[in-house]
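Commentary on secondary and tertiary structure
Each chain, letter by letter, is given below.
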Amino acid sequence: MTNHSEPTGPVENNDFTARNALDGSAGHDTQVTLRTPAELADALPYLLGYRPEDSIVLVALHDRDGRGRFGGRARLGIPANRDDWGAAARQLAQGLVTGSERRGARPEQIVAYVCQEPAKGETGREVKLRLQPLAQLLRTECGALDVPVIEALCISDGRFWSYCCPSKGCCPDDGSPMGLPGTSVLAAAATYAGLHVRGTLRELRARLLPRETSAALEQETALDRAGMALVPRILDDTARAEVAEETLVLAEHTLGRFAAATPVSGLLPADLRDDDLLTHDEAARLILGLQDRTTRDRAAAWMEGDEAAPALRLWRALARRCVGPYGEHAAAPLTLAGWVAWSTGDDLEAREALAMALGADPDYLFARLLHQACNEGLDPEAIRRCLRAGRDETAHTKATEAPAETDRVNSADQPGQTERADQTDRTGRTDHADQPDRCDQADGETPSSQGSAQSSPRRRRRVRIRGGADDDARPVRAKARRPVAASSHPPRAGGSTHPGVPAPGGTRTSAAGRSGGRRGPASAGGTRSASDGPEGDS
C-alpha cells in the first residue's frame, strides 16, 4: 500500500519511481518518486498521455532494488451494464499481465484506477460508492493472477478516493482534491522531458469522426456520384489499375496542397482549414479509390519525413468525410492515419485511430494487425522497410515499362507492322488469361454474385479488392481455367465477369458482400493491451 499520510521524505520500499518522467524515453536520467495517493492520482494523465474519462486503468509495477517502477498500462471503458464488470476486469487484468510477460517482465504489483464524472444530480462520492464493486473485482482478478493490487483509486469531479485506505483521517469520505494540472513534480519532469498531456480521448476521436454539419449531405451526394462512376471501373480488371493511378495522383496533388497550407494554432481550427482544402468530389474519389488494398498500401508509403505530417492530416480529413451510410469506408483512411501516427511515434493516436477503424469494419485485417503490433510495442521499422521496398519496386516497374510502351507504339506506326502489333497484344492478353484465377470468397461471395455486382453496382456498398499487405496473411483459393484461344473475343466492358489481366500484385476483385453495418468509431471499451481476435477480411 502507498504511504497515505507521509510527507515527502526518504525513499521507502513502497515508493514508485518514474524514470525519465515515465518510461525513460527522454535523453535525461531523471527520476521522480511518488509516495502518496495524491501523487499517484496526479500521475495518471502523464502515464497515459491523456486524461481518461469513463475508464478503468491498470498500471504495472516492477520491483527493482526495493523500488516500484512503472511498467505497462492497460485501459478499458467502464461498461454501462454492471453485469459486464466482471468480464471487463478479467480481460483487463489478463491483458496487462500477459502483455507484460510477452515483453519479458511480469509485473510484481499493480495500481488500479477507475475514472468517471458524476451523472446529472450525482456527486463524486456517490460515483466512488457506485464503482466500489468494480474496484473490488479488479483486485480479485489481479490477485487470481498472483499480482496484487497495492492501490486502487477512484477519480471523479476533481477529487480522488482510495479504496485501500480505511482511515478517514487521510482519506475523508468526501475525497481529497486533485492538484492543479501541471503543478506537480511529475508534471514538471514530464515537461522537461518533452512529454505532454493530449487532453481527453473524446477530443482525440473528434478529429477522426464525421462532422455533423449541413455539408454532410453534400458529401454523401458526392460519394454517391463517385460510387456510380468508379465502382464499375474498380471491379473491372483492366480499368482498376487506371483508377489506382488516378487515386494516387490526386492524393499526391492534395498532399502538396496540405503541405503548402498556412499553419494555424489550435486543433479545431487546423482541422477546419484542412476540410476547406478538400472538395467533396475529391474526397469522394479518394475514399472510394482507397478501398483497393493495393492502392491503400502504396498510399501507406507516405509515412515518414516531410510527407508524414500532411499525409496524416489528409487521412484524418478523409475519415471525417465518411458520412452517413459510408461509415464503413472510413476503415481505410482511419487505418492509414493510425499507421502514419504509429510510424512517427504517436502511439496514442495510432491506437485510437486503429481501434476506430476496427469499429468501422471489425474484419479489416490490416487495421487488426497494426493494432495488435502497436499494442504489443513492436518496432514499426519492419513495416516501413516493406513499404519502401514496394515503393521502389513500383517505381522501377514504371521506369522499365515506359520505354517498352514507346517502342511498341513506334513499331506499330511503321508500314506492315500494325497487324503484327495487334497479334502480339492479343497474345499477351491470352497469356495472362491462362493464369489461374484468384477469387476471394471470404465474405461468402461467389463468382456469380460478383458478376451481379459488376453488372449493376449498388450504391453505398463498400468495394473489397484483393491485394496488398493483407493477402499474405491467409491462403488464397485458386481455380484452374481453360486456356483461351488467341482469337477469342475481347473482354466485355465494365461489368464483364471474364477475368483479364491481374491487378498489380496479381490480385482479383471481390464485390462487396454487405452494405451498411458496423459504422462509426470503436466504443470507449476498446482495450489497449488485450490481443485481437482471429484474422478476418480487411
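What counts and how
Residues numbered from 1 in each chain as written. Predicted model: local features only at pLDDT ≥ 70, side-chain atom pairs only at ≥ 80, totals over all residues. Heavy atoms only, no water. Axes fitted to C-alpha atoms, helices over the stretch in contact; angles between N-to-C directions. Helix = DSSP H or I, 4+ residues; strand = E, 2+ residues; numbered from the N terminus. Parallel < 35°, antiparallel > 145°, perpendicular 65-115°, else oblique. Contact = heavy atoms within 4.5 Å. Nonpolar A, V, L, I, M, F, W, Y, C, P; charged D, E, K, R; others polar. Expected span 1.5 Å × (residues − 1). Buried < 20%, exposed > 50% of the residue type's maximum accessible area, 1.4 Å probe, protein only. Salt bridge = Lys/Arg side-chain N within 4 Å of Asp/Glu carboxyl O. Left-handed = near helix turned anticlockwise from the far one by under 90°. Phe/Tyr/Trp six-rings, centres within 6.5 Å; stacked < 30°, edge-to-face > 60°. Core = buried A, V, L, I, M, F, W, Y, C linked by side-chain atoms within 4.5 Å. pLDDT = per-residue confidence, 0-100. Disulfide = S-S within 2.5 Å. Polar contact = N/O pair within 3.5 Å; in protein donor to acceptor, adjacent residues only side chain to side chain.

How two helices sit against one another is set out by the angle between their axes and by the gap between those axes. Running from N to C, helix H9 (residues 267-276) and helix H12 (residues 308-320) point in directions that differ by 80 degrees, and their axes come no closer than 10 Å. Comparing their axes, H12 and H9 come out roughly perpendicular. Every residue of H12 that contacts H9 at Asp271, Arg273, Asp274 and Asp275 is listed here: Arg313, Ala317 and Arg320. Residue classes in the contact of H9 with H12 are distributed as one nonpolar, no polar and six charged.

What follows covers helix H2 (residues 85-102). End to end, H2 covers 26 Å across 18 residues, agreeing with the expected 26 Å (1.5 Å per residue, within 8%). Of all the residues in H2, the buried ones are Trp85, Gly86, Ala88, Ala89, Leu92, Ala93, Gly95, Leu96, Val97, Gly99 and Ser100. Just downstream of H2 lies glycine 104, where phi reads positive at about 85 degrees.

Under the defined criterion, the tally for this structure stands at 27 salt bridges. In this structure, aspartate 271 engages arginine 211 in a salt bridge whose closest nitrogen and oxygen atoms are separated by 3.9 Å. Taken together, the residues span a long stretch of sequence, with aspartate 271 in helix H9 and arginine 211 in the loop between helix H6 (201-206) and helix H7 (215-234) at a distance of 60 residues. Take aspartate 271: its relative accessible area is 2%, and that puts it in the buried class. You can call arginine 211 partly exposed: its relative accessible area is 23%. Residue aspartate 274 is joined to arginine 273 by a salt bridge in which the shortest nitrogen-to-oxygen separation is 3.1 Å. According to the relative accessible area criterion, aspartate 274 is buried, its value standing at 2%.

Let us look at the packing of helix H13 (residues 331-343) against helix H15 (residues 365-375). Relative to each other, H13 and H15 sit at 30 degrees, their axes nearing to 10 Å. In terms of orientation, H13 lies roughly parallel with respect to H15. When you trace H13 past H15, the crossing you get is left-handed. Contacts from Thr335, Trp339 and Trp342 of H13 reach H15 at Phe366, Ala367, Leu370, Ala373 and Cys374. By residue class, the composition of the contact of H13 with H15 is seven nonpolar, one polar and no charged.

Summed over all chains, the structure comprises two aromatic pairs. Ring centres of tryptophan 302 and tryptophan 315 lie 6.4 Å apart, and the angle between their planes is 20 degrees; on these two criteria the pair is classed as stacked. Separated by 13 residues along the polypeptide, tryptophan 302 in the loop between helix H11 (293-299) and H12 and tryptophan 315 in helix H12 bring together distant segments of the chain. Owing to a relative accessible area of 10%, tryptophan 302 belongs among the buried residues under this scheme. On the numbers, 5.9 Å between centres and 75 degrees between planes, the contact of tryptophan 339 with tryptophan 342 is edge-to-face. Placement of the pair is tryptophan 339 and tryptophan 342 together in helix H13, with a separation of three residues, close to one helical turn. Judged by its relative accessible area of 4%, tryptophan 342 falls in the buried class.

On to the nonpolar core. Judged by nonpolar contacts, the single largest core of 61 residues is most densely connected at Trp302, Leu314, Trp315, Leu318 and Trp339. Where this core is concerned, the elements lending two or more residues are H7, helix H8 (237-259), helix H10 (280-289), H12, H13, helix H14 (347-360) and H15. Not counting chain neighbours up to four residues away, the residues in contact with tryptophan 302 comprise Leu248, Ala251, Glu252, Leu255, Glu307, Ala308, Ala311, Trp315 and Val340.

Positive phi values are uncommon outside glycine, yet aspartate 54 reaches one of about 45 degrees. Relative to the helices and strands, aspartate 54 resides in the loop between helix H1 (37-48) and strand S3 (55-64). On the basis of relative accessible area, aspartate 54 is assigned to the partly exposed category, the value being 32%. Residue aspartate 146 is not a glycine yet carries a positive backbone phi of 65 degrees.

On average, residues of the protein score 76 in pLDDT, and 67% of them reach the 70 mark or higher. Considering only residues more than four positions removed or in separate chains, one finds that residues 19-28, a stretch of pLDDT under 50, has 26 contacts. Per-residue pLDDT stays below 50 along residues 472-538; that stretch engages in 186 contacts with residues further than four places along the chain or on separate chains.

Before going further, it helps to examine the state of the cysteines. Structurally, a disulfide amounts to a covalent bond that connects the sulfur atoms of two cysteines. Counting across every chain of the model gives zero disulfides. Cysteine cysteine 115 is unpaired, with the sulfur of cysteine 154 as its nearest cysteine sulfur at 7.6 Å. Overall, cysteine 115 belongs to the buried group, its relative accessible area being 4%.

With that out of the way, let us pick up the environment of leucine 217. When you line up the elements, leucine 217 lands in helix H7. Along the backbone, leucine 217 and valine 323 are 106 residues apart, and their C-alpha atoms lie at a distance of 8.1 Å.

End to end, H12 covers 19 Å across 13 residues, agreeing with the expected 18 Å (1.5 Å per residue, within 8%). With respect to burial, H12 is a largely interior element, 12 of its 13 residues being buried. Taken together, the buried positions of H12 are occupied by Ala308, Pro310, Ala311, Leu312, Arg313, Leu314, Trp315, Arg316, Ala317, Leu318, Ala319 and Arg320.

A few words on the side chain of aspartate 236. Tracing the backbone through its elements, the reader meets aspartate 236 in the loop between H7 and H8. Within the local environment of aspartate 236, its side chain forms a polar contact with the backbone nitrogen of alanine 239, the two atoms lying 3.0 Å apart.

As for its position among the elements, arginine 139 is in helix H4 (residues 132-144). Along the chain, arginine 139 and alanine 89 lie 50 residues apart, while their C-alpha atoms are 8.7 Å from each other. Sequence-distant contacts of arginine 139, defined by excluding residues within four places in its chain, comprise Val149, Tyr163 and Cys164.

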